[in-house]
Amino acid sequence: MRSGKSGRLVRWRGSARLLVTATVAVACVGFAAPGAQAATSLKAASTGDTVRSLLAQWGDKTADSKAKNSSGKNDASLDPGSLASITTAIGARSAWALKDARGKAITGAGVTVAVLDSGVDNSVTGLNAAGKVVYGPDLSMEVNAPALRNEDTYGHGTFMAGIIAAKDTVTTDASGQPQPRSDATQLGVAPDAKLLAVKLGATDGSTDVSQVIAALDWVVQHKNDNGMNIRVVNLSYGTDSVQAYQRDPLTAAAENAWKHGIVVVASGGNEGTTTGSLTDPATDPYVIAVGASTANNDKSAWANPTPATFSQVGTAARHVDLVAPGTSLVSLRSVGSYIDVNHPEGLVAGDTTGRLFRGSGTSQAAAVVTGAAALLLQAFPALTPDEVKYALMTGTTSMSGAVIARGSGELYVPGALAVAGQITGVIAPALNNTQRAALKQTWASAAGTGSLDAARGGNYLVDPVTGAQLSGEKDIQGQPWNGATWAKASTAGTAWTGGTWNGARWSGNAWANGTWSNDSWSGARWSGARWSDASWTGARWSGARWSGAAWQ
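A quick note: this is a predicted structure, and the numbers were derived from the prediction, not measured. (Residues numbered from 1 in each chain as written. Predicted model: local features only at pLDDT ≥ 70, side-chain atom pairs only at ≥ 80, totals over all residues. Heavy atoms only, no water.)

Turning next to the overall build of the chain. Within the chain, the secondary structure is distributed over 14 helices and 20 strands. A burial count over the chain gives 62% of its 552 residues as buried. Across the chain, every contact between residues at least 6 apart in sequence was considered, and the portion connecting residues at least 24 apart equals 79%. As presented, the chain carries roughly 17600 Å² of accessible surface, and 50% of it is formed by carbon and sulfur atoms. (Helix = DSSP H or I, 4+ residues; strand = E, 2+ residues; numbered from the N terminus. Buried < 20%, exposed > 50% of the residue type's maximum accessible area, 1.4 Å probe, protein only. Contact = heavy atoms within 4.5 Å. Areas by Shrake-Rupley, 256 points an atom, 1.4 Å probe, with all protein chains shown as cover.)

It is worth spelling out the sheet that holds strand β5 (residues 57-58) at this point. Pairing between the strands of a sheet comes from backbone hydrogen bonds, and it takes one of two forms, parallel or antiparallel. Spatial ordering of the open sheet is given by β5-β15-β14, a layout of three strands whose pairing is antiparallel. At either end of the open sheet lies a strand with only one pairing partner, and these are β5 and β14 (329-332). Relative to strand β15 (residues 356-360), β14 is paired through four bridges, and the arrangement is antiparallel. Within β15, the residue paired with S331 across the bridge is F357. Where helix α4 (residues 156-165) meets the sheet, it contacts β5, β14 and β15, and its direction lies at approximately 105 degrees from that of β14. (Pairing = 2+ DSSP bridges. Axes fitted to C-alpha atoms, helices over the stretch in contact; angles between N-to-C directions.)

Bringing the sheet that holds strand β16 (residues 496-497) into the picture now. Read across the open sheet, the three strands follow the order β16-β17-β18; overall the sheet is antiparallel. Among the strands making up the open sheet, the edge pair consists of β16 and β18 (504-505). The pairing of β16 with strand β17 (residues 500-501) spans two bridges and is classified as antiparallel. By the bridge assignment for β17, T497 is matched with T500.

You can see D225 is positioned in the loop between α5 (209-222) and β9 (230-235). Engagement of the side chain of D225 in a polar contact is seen with the side chain of H222, the distance being 2.6 Å. (Polar contact = N/O pair within 3.5 Å; in protein donor to acceptor, adjacent residues only side chain to side chain.)

So, on to the packing of α5 against helix α6 (residues 249-259). Contact geometry for α5 and α6: axes closest at 9 Å, N-to-C directions at 15 degrees. Considering their axes alone, α5 and α6 lie roughly parallel with respect to each other. Classified by chirality, the crossing of α6 by α5 is left-handed. On α6, the residues touching V209, V212, I213, L216, D217 and V220 of α5 are P249, L250, A253, A254, N256 and A257. Class assignment for the residues of the contact of α5 with α6 results in 10 nonpolar, one polar and one charged. (Parallel < 35°, antiparallel > 145°, perpendicular 65-115°, else oblique. Left-handed = near helix turned anticlockwise from the far one by under 90°. Nonpolar A, V, L, I, M, F, W, Y, C, P; charged D, E, K, R; others polar.)

Moving on to the environment of T397. Position of T397 among the secondary structure elements: in the loop between α9 (385-394) and α10 (403-406). Separated by 12 residues in the primary sequence, T397 and G409 have C-alpha atoms spaced 5.7 Å apart.

This part is about empty space enclosed by the protein. Considering all chains together, one arrives at four cavities of 30 Å³ or more under this definition. One number sums up the size of the second largest cavity: a volume of about 50 Å³. Residue lining of the second largest cavity: W58, G155, F159, L332, R333, S334, S337, I339, D340 and F357, and that is the complete set. Along the lines of polarity and charge, the residues of the lining of the second largest cavity split into five nonpolar, three polar and two charged. (1 Å grid on protein atoms, 1.4 Å probe; cavity = no way out; pocket = protein on both sides within 12 Å on 5 of 7 lines; lining within 4 Å. Points joined across faces, edges and corners; volume = space filled by probe spheres on them.)

All right, on to α5 then. Taking 1.5 Å as the rise per residue, α5 with 14 residues should run 20 Å; its terminal C-alpha atoms sit 20 Å apart, in good agreement. With respect to burial, α5 is a largely interior element, 13 of its 14 residues being buried. (Expected span 1.5 Å × (residues − 1).)

Let us now look at the packing of α6 against helix α14 (residues 483-492). With their axes 10 Å apart at the nearest point, α6 and α14 run at an angle of 15 degrees to one another. With respect to α14, the axis of α6 lies roughly parallel. The hand of the α6/α14 crossing is right-handed. Contacts between α6 and α14 pair P249, A252, A253 and N256 from the former with W486, S490 and T491 from the latter. Residues of the contact of α6 with α14, tallied by class, amount to four nonpolar, three polar and no charged.

The next thing to look at is the packing of aromatic side chains. Evaluated as defined, the whole model comprises 11 aromatic pairs. An aromatic cluster is present here, built from W481, W486, W496, W501, W506 and W521 joined pairwise through their rings. (Phe/Tyr/Trp six-rings, centres within 6.5 Å; stacked < 30°, edge-to-face > 60°.)

Turning our eyes to something else, we now look at the confidence of the model for the chain. Predicted coordinates in areas of low pLDDT are best not read in detail. The predicted model of the chain has a mean per-residue pLDDT of 88, with 86% of residues at 70 or higher. Predicted confidence is poor over residues 1-9, with pLDDT under 50, and the contacts of this stretch with residues over four places away or in other chains come to 47 contacts. Note on residues 15-55: pLDDT under 50 across the span, and 169 contacts to partners over four residues away in sequence or across chains. (pLDDT = per-residue confidence, 0-100.)

Right, let's get into helix α11 (residues 413-424). Working note: α-helix, 3.6 residues per turn, so residues spaced by three or four point in the same direction. Look at α11: 16 Å from first C-alpha to last across 12 residues, which is about the 16 Å you get at 1.5 Å a residue. Within α11, 11 of the 12 residues are buried, which leaves it mostly tucked inside the rest of the structure. Phi turns positive, to about 85 degrees, at G425, one or two residues after α11.

Scanning all chains against the criterion turns up 14 salt bridges. A salt bridge links D321 to R318; its shortest N-O distance comes to 2.9 Å. On the basis of relative accessible area, D321 is assigned to the buried category, the value being 0%. A salt bridge links R333 to D340, with the shortest nitrogen-to-oxygen separation between them at 2.6 Å. In this structure D340 comes out as buried when scored by relative accessible area, which is 10%. In the salt-bridge network here, residues are joined through shared partners; they are D64, D79 and R358. (Salt bridge = Lys/Arg side-chain N within 4 Å of Asp/Glu carboxyl O.)

What follows is about unusual backbone geometry. With the exception of glycine, most residues fall at negative phi, and the peptide bonds are largely trans. The residue after D280, namely P281, is reached through a cis peptide bond having omega 20 degrees. By the element assignment, P281 lies in the loop between β10 (263-267) and β11 (288-294). Looking along the chain, the bond that leaves A428 and enters P429 is cis, with omega of 0 degrees. Looking at where P429 falls in the secondary structure, it is placed in the loop between α11 and α12 (433-437). For N150, which is not glycine, the phi dihedral falls at a positive 65 degrees. Mapped onto the elements of the fold, N150 is located in the loop between β7 (133-135) and α4. Residues other than glycine seldom take positive phi values, yet N502 does so here, at roughly 50 degrees. Position of N502 among the secondary structure elements: in the loop between β17 and β18. According to the relative accessible area criterion, N502 is partly exposed, its value standing at 21%.

So this is what it looks like as structure tokens:
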């Protein structure tokens, strides 16, 4: 466990600035105190900020080489990006050895994480336990192809799900703490968290902002269905929107989930210093914006990481809140997916199991932080999203680099747990009610009354049959967009009525055998044709992904 320094001051848009200090203990197990770090300012992005993103990088020959043993096989204990290395570096494995108020190991048990992505492949070992993955509505363009519904045809979502909550078959002690036989056992940051998969991306990752907004609204309205306890949403992507967050509908949807008690974790983007801004919805100051750190392919260097050069740098007004490992991470492979087929360089050299894939990006870093949030919420379920964010930021360890690149520092789970314990009064010195109330963020709210088209960031989906472009104030089903009307319904938690959203049918109306029922799209799409007139199986949307922004 890395040692931290006491005395962290995090500047906060609230009614007070709080100093959290002390070395603390819970359940007779010592926590390291939060590490010291220079103050970081949390403010809103300006209207003129531009946001861009790059495709995630798959594979890393140097990391592959470092990870090989004398027999030329991948050895997770040598691999700087293995799940074993990453969960050790951020202190997640130390957290697993601690116990919550019920005496259960802190592994994410009882917390559901919504993964709004390209789907999650529940046939993959590590994600295939009964009840591990629950499927919400398939809101992707592949919903009209029954064989592809809820299938991760792109591969991105499965990779992120593995980082968040992979769990191979493993022996546990009486408290539920995993006892892996070796580092080759795949365990994500929160291995006992449940995953809600809401598919948005098609085979090549393509989707529209309106689908993401619809998904966020659906999660808000169904967060406690069927015994679920959705406390965290992972958004490992972003758009190039130049719209102020106060008007942008995507940031408004993310912020609305936050204000309904759901922690929203968003990747900051992958264009380094070239843009001077974060991607949307990470531009919203309420949500947790995550940058990526690197150990430069040296496992021991995770003790002193630095911001990755590709990790998007914001401004003094709005930058990433913290960073987490995001370089050359190894996670689960979705065999036959678009990424798997088109990026063979991502296959981990020397992997005799054929299960593993390697990638870099703030997507990966966001997934790491998402898992950490699930651990905090199992340990201290009364935490609000604002308090989770404060604990994660205040509990970080110090690192070099500009504040606009690293935020408050490197994610460190034991430090965050220590701060969370002080917030909730479990650990001394406990915060009093006045101090705890001061942790409520007071940024200007995102109204969502701006342009849906502007939220797309200037890049658009293209109908592969007609060449028609999805642009203007209409959603992917061709329905007109009225921001004020949508925002009112979204805030009230009434944007969905059964399977209908924004005046069109998107899905079925209810749960069936543990999966949300799906229905084909039959209304007119933006090109004037009808969804039922074409087969979308294997469609390539002219290379458009997330309205031009990348899966980061």
